[in-house]
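The residues making up each chain are set out below.
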Amino acid sequence: MALTLAEKIVARAARRTHVTPGEIVTCAVDLAMIHDSGGPRRVAPILKRFGVGLWDPSKVVLISDHYVPAADDETRRIGEVTRKFAAENKLAGFYDSEGICHVVLPERGHLKPGMFVVGGDSHSPTGGAFGAYMFGIGATEMAGVLATGEIWLTVPETIEIEWRGTFGPCVVAKDVMLFLCGQLGMEGGRTQAVHFRGDAIRALPMQERMTLSNMTAELGGQTGLCDPDETTAAFIRAAGAEPGDVARWQSDPDAMPAECLRFDASALTPQVAAPHSPANAAPVADHGAVKIDVAHIGACTGAKIVDLRMAASVLKDRKVDPSVSLLVAPASHRDQEAAASDGTLQILVDAGATLLPNACGMCAGYNGTLEENVTCISSIARNFKGRMGTASANIYLGSPYTVAASAVRGRISDPREMLS
Amino acid sequence: MSANHGRAFVYGDGINTDMLAPGIYMKHPIATIAQHCLESVDPDFVRTVKPGDVLVAGQGFGIGSSREQAAEALKYLGVAAVLARSYGGIFYRNALNFGLPVLVCSEVDQIGAGDLVRVDPATGAVHNKTRDVTLKASPLPQFLLDMISDGGLVPHLEKRFAAKRAAAAL
């Protein structure tokens with residue numbers, strides 16, 4: 001029986017030869033990722049009630065990224081609880097203030113094709129970029145996983161989204177996802193497995209694929225898979241791990257996805273989503289008159305090294321408009337180091353950027369918030385009302401190219417006009 | 001099945017997790033977060049909702065974050081059930097894990113604000129007493145009904161681990 005990649009992974013995790021979309025199965029979890037907000041402070045009391053410890057500490061990774069750095073007594077306490085949990089358990093990894101979980105997890109070699117992984121954060125589909133079935137769950141459900149090593153799952157349908165051809169200049173994964181949110185809405189993924197395919201996707205570097213998979217959360221998919229290939233294997237080896245059997249974790253050629261959507265990469269233009277939903281996406285030209293106060297490059301989806309380099313290519317030998325604050329929060333410490341060593345960081349700073357910690361920060365409004373009534377364009381994943389801590393703020397979403405171009409001009413701008 | 005009818009609070013599409021549990025309050029306990037539940041949509045909600053009331057909404061209820069306080073806040077405020085055309089995937093699981101019945105119902109337009117409704121998660125029957133009609137929602141499978149009747153995932157697993165310990169002690 002021909003299986004899609006999603007079905008193959010779920011069947012393996014459910015210890016079955018095959019599975020059918022719609023049936024409910026119990027899956028063994030290969031890896032569980034938790035962070036400081038939904039992790040120890042919430043799961044430890046539940047494990048205590050159960051009277052059990054972690055089912056397998058060598059399959060648990062803990063990453064502090066939400067309340068980083070601590071800003072008050074409450075967040076300091078959360079940091080202490082997190083570190084205590086790490087000290088008491090021999091975890092597969094504990095990364096404290098090293099960057100955002102979705103970026104740090106693969107950067108440290110914890111993901112490989114074929115794995116069945118849960119994460120205590122909605123952007124966990126990011127792991128799908130590696131051909132792993134990774135999805136987000138809440139803290140209570142995570143406590144159940146940490147105690148039992150298992151989770152129930154409705155076997156997903158596969159929604160293939162194929163991009164053929166070549167993306168034009170300044171058109172990147174963020175534009176793809178904003179476009180798809182605009183076309184399909186935030187429930188287009190129907191909590192099923194979205195599978196990104198096609199030669200335009202295969203040509204993308206790993207961190208761009210991660211942006212696709214990451215924003216599958218906004219598209220409403222449970223996970224966002226990419227086909228594992230030589231690019232995947234090279235990234236995993238560079239992270240100091242072994243990619244395993246890459247050839248095994250492919251959809252069977254005659255597998256039947258529930259839906260197959262095809263798009264022409266060369267026709268896509270830079271996209272911007274208006275407040276207060278990623279589904280309000282439209283070509284950047286449609287927003288041309290909007291003046292901005294804050295330009296923000298941050299988050300797992302928008303401040304990896306590839307994203308910082310996009311911004312720098314626009315900002316090189318340019319200055320941010322005096323009316324705009326450009327805030328940059330590199331997604332991980334390693335990516336910030338890479339940006340420092342290749343000159344990217346200097347370009348951003350010379351242009352007038354203010355650097356923020358390698359953490360979730362303003363995306364999520366946990367740590368640092370926008371002022372009242374400001375208009376912001378950001379490379380983060382979602383712009384719900386109040387997302388960046390202030391309900392009166394207007395948040396637009398765009399790629400790092402578009403955010404940087406808008407910072408220079410003081411209004412939402414098409415980066416293609418500045419890079420020829 | 002809830003014994004009594006509750007009042008319906010009716011909202012539209014796209015009620016997301018930032019509305020149900022605003023990020024800025026996330027460092028606080030659920031009692032505090034719950035006081036701000038839905039305030040950007042309906043500032044009177046928290047003041048007027050009573051235990052046993054039912055939330056009714058359109059597409060995409062609970063889309064957004066994995067923060068389960070979005071579901072926990074509703075449970076904390078005593079909401080008996082949610083009826084919506086569709087749900088955010090993580091929220092849906094979180095709600096069930098907190099013992100909050102969330103049912104997919106395509107007939108939500110037959111419920112008005114303040115109508116008295118009663119939801120039976122086992123059959124999917126939704127009785128609107130005010131309009132004297134019974135609507136259909138998708139029932140929940142038995143293993144989820146069992147979890148909900150235990151009070152959610154934590155008491156459900158607590159029971160399982162206690163039984164395991166008792167068996168081992170024999």
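Residues numbered from 1 in each chain as written. Chains lettered and ligands numbered in written order. Predicted model: local features only at pLDDT ≥ 70, side-chain atom pairs only at ≥ 80, totals over all residues. Heavy atoms only, no water.

Mind showing me how you'd approach the nonpolar core here?
Judged by nonpolar contacts, the single largest core of 99 residues is most densely connected at A:Phe116, B:Phe45, B:Leu55, B:Phe61, B:Leu74, B:Leu83 and B:Phe91. The element best represented in this core is helix α1 (residues 5-13) of chain A, accounting for six residues. Apart from residues lying up to four places away in sequence, B:Leu74 is in contact with B:Leu20, B:Cys37, B:Phe45, B:Leu55, B:Phe61, B:Val79, B:Val82, B:Phe91 and B:Leu100. (Core = buried A, V, L, I, M, F, W, Y, C linked by side-chain atoms within 4.5 Å. Buried < 20%, exposed > 50% of the residue type's maximum accessible area, 1.4 Å probe, protein only. Helix = DSSP H or I, 4+ residues; strand = E, 2+ residues; numbered from the N terminus. Contact = heavy atoms within 4.5 Å.)

So what exactly am I meant to see when it comes to the pattern of salt bridges here?
Between side chains of opposite charge, a pair can form when the charged atoms approach closely. Per the counting criterion, the structure on display carries 35 salt bridges over all chains. Across the pair B:Lys27 and A:Asp72 runs a salt bridge whose closest N-O atoms are separated by 2.4 Å. Of the two residues, B:Lys27 sits in the loop between α1 (17-20) and α2 (30-34) while A:Asp72 sits in the loop between β3 (60-64) and α3 (73-88), which places them in two different chains. Given the relative accessible area of 22%, B:Lys27 is considered partly exposed. One connected set of salt bridges, linked through shared partners, spans A:Arg42, B:Glu68 and B:Glu72. (Salt bridge = Lys/Arg side-chain N within 4 Å of Asp/Glu carboxyl O.)

Whenever I open this one, the interface of chain B and chain A confuses me. Can you help?
The accessible area lost on association of the parts is a frequent measure of interface size. Taken together, the contacts link 35 residues of chain B with 42 residues of chain A. Each partner contributes to the roughly 3,200 Å² buried at the junction of chain B and chain A, and carbon and sulfur atoms together form 54% of this total. Put simply, chain B and chain A have six salt bridges between them. Where B:Glu68 meets A:Arg42, a salt bridge forms, and the shortest distance between an N and an O atom there is 2.9 Å. Linking chain B with chain A are 17 residue pairs in polar contact (both at pLDDT 80 or more). Contributing elements (two or more residues each) for the side of chain B that touches chain A: α4 (69-76), α5 (89-97), α6 (142-149) and α7 (153-169) of chain B. If you tally residues by element for the side of chain B that touches chain A, the top one is α7(B), at eight residues. When its residues are assigned to classes, the side of chain B that touches chain A shows 14 nonpolar, 12 polar and nine charged. (Buried area = accessible area lost by both parts, 1.4 Å probe. Polar contact = N/O pair within 3.5 Å; in protein donor to acceptor, adjacent residues only side chain to side chain. Nonpolar A, V, L, I, M, F, W, Y, C, P; charged D, E, K, R; others polar.)

Please explain the packing of helix α11 (residues 305-315) of chain A against helix α14 (residues 400-409) of chain A as it appears in this structure.
Residues and elements named next belong to chain A. At a closest axis distance of 8 Å, the pairing of α11 and α14 adopts a crossing angle of 35°. The two elements α11 and α14 cross, and the hand of that crossing is right-handed. Contacts between α11 and α14 involve Asp307, Met310, Ala311, Ser313, Val314 and Leu315 from the first element and Pro400, Tyr401, Ala404, Ala405 and Val408 from the second. (Axes fitted to C-alpha atoms, helices over the stretch in contact; angles between N-to-C directions. Left-handed = near helix turned anticlockwise from the far one by under 90°.)

Teacher, can you tell me more about the layout of surface pockets here?
Unfilled space is identified by rolling a water-sized probe across the atoms. The volume enclosed by the largest pocket comes to roughly 900 Å³. Lining the largest pocket we find 41 residues, and of these A:Arg190, A:Thr191, B:Tyr87, B:Gly89 and B:Tyr92 sit closest to its centre. Elements that contribute at least two residues to the lining of the largest pocket include exactly β6 (133-136) and β7 (150-154) of chain A together with α5 and β4 (102-104) of chain B. With five residues, α5(B) is the single largest residue contributor to the lining of the largest pocket. Residue composition of the lining of the largest pocket, grouped by class: 20 nonpolar, 16 polar and five charged. Its volume calculated, the second largest pocket comes out at about 370 Å³. In terms of residues, the lining of the second largest pocket owes the most to one element, helix α2 (residues 40-50) of chain A, which gives five residues. Considered class by class, the residues forming the lining of the second largest pocket number 10 nonpolar, five polar and eight charged. (1 Å grid on protein atoms, 1.4 Å probe; cavity = no way out; pocket = protein on both sides within 12 Å on 5 of 7 lines; lining within 4 Å. Points joined across faces, edges and corners; volume = space filled by probe spheres on them.)

Help me understand the pairing of strand β5 (residues 116-119) of chain A in this model?
Two faces make up the sheet, and in a regular strand the side chains alternate between them. Residues and elements named next belong to chain A. Across the two faces of β5 the burial is the same, with Phe116 and Val118 and Val117 and Gly119 all buried. Relative to β5, strand β2 (residues 31-35) runs parallel, the two sharing three bridges. Paired with Met33 across the bridge in β5 is Gly119. (Pairing = 2+ DSSP bridges.)

I would appreciate a short explanation of the side chain of A:His123 in the present structure.
All names here are of chain A. Tracing the sequence through the fold places His123 in the loop between β5 and β6. Judged by its relative accessible area of 4%, His123 is buried. Of the polar contacts made by the side chain of His123, one reaches the side chain of Arg382; its length is 3.5 Å. The residues contacting His123, other than those within four sequence positions of it, are His102, Asn214, Ala217, Glu218, Cys300, Ala381, Arg382 and Arg387.

Before we go on, may I ask you to explain the environment of A:Arg12 in this structure?
All names here are of chain A. Locating Arg12 in the fold gives a position in helix α1. Between the C-alpha atoms of Arg12 and Thr269, which are 257 residues apart in sequence, the distance is 39 Å. Beyond its immediate sequence surroundings of up to four residues, Arg12 is in contact with Asp30, Gly114, Met115, Phe116, Arg248 and Trp249.

I tried to follow the domain arrangement of chain A on my own but got confused; where do I start?
All names here are of chain A. The domain boundaries assigned to chain A delineate domain 1 (5-248 + 256-264) and domain 2 (272-417). Listed by partner, the interface residues are 36 residues for domain 1 and 37 residues for domain 2. Of the roughly 3,000 Å² buried between domain 1 and domain 2, counting both surfaces, carbon and sulfur atoms make up 63%. Our enumeration of links across domain 1 and domain 2 arrives at one salt bridge. Arg382 serves as the salt-bridge partner of Glu218, at 2.8 Å between the closest nitrogen and oxygen. Run the count over domain 1 and domain 2 and you get 14 residue pairs in polar contact (both at pLDDT 80 or more). When contributions to the side of domain 1 that touches domain 2 are tallied by element, the ones reaching two or more residues are α4 (101-107), α6 (173-184), α8 (206-214) and α9 (216-219). For the side of domain 1 that touches domain 2, the leading source of residues is α6, giving six residues. Its residues placed into classes, the side of domain 1 that touches domain 2 shows 17 nonpolar, 11 polar and eight charged. (Domains from an automatic or database assignment.)

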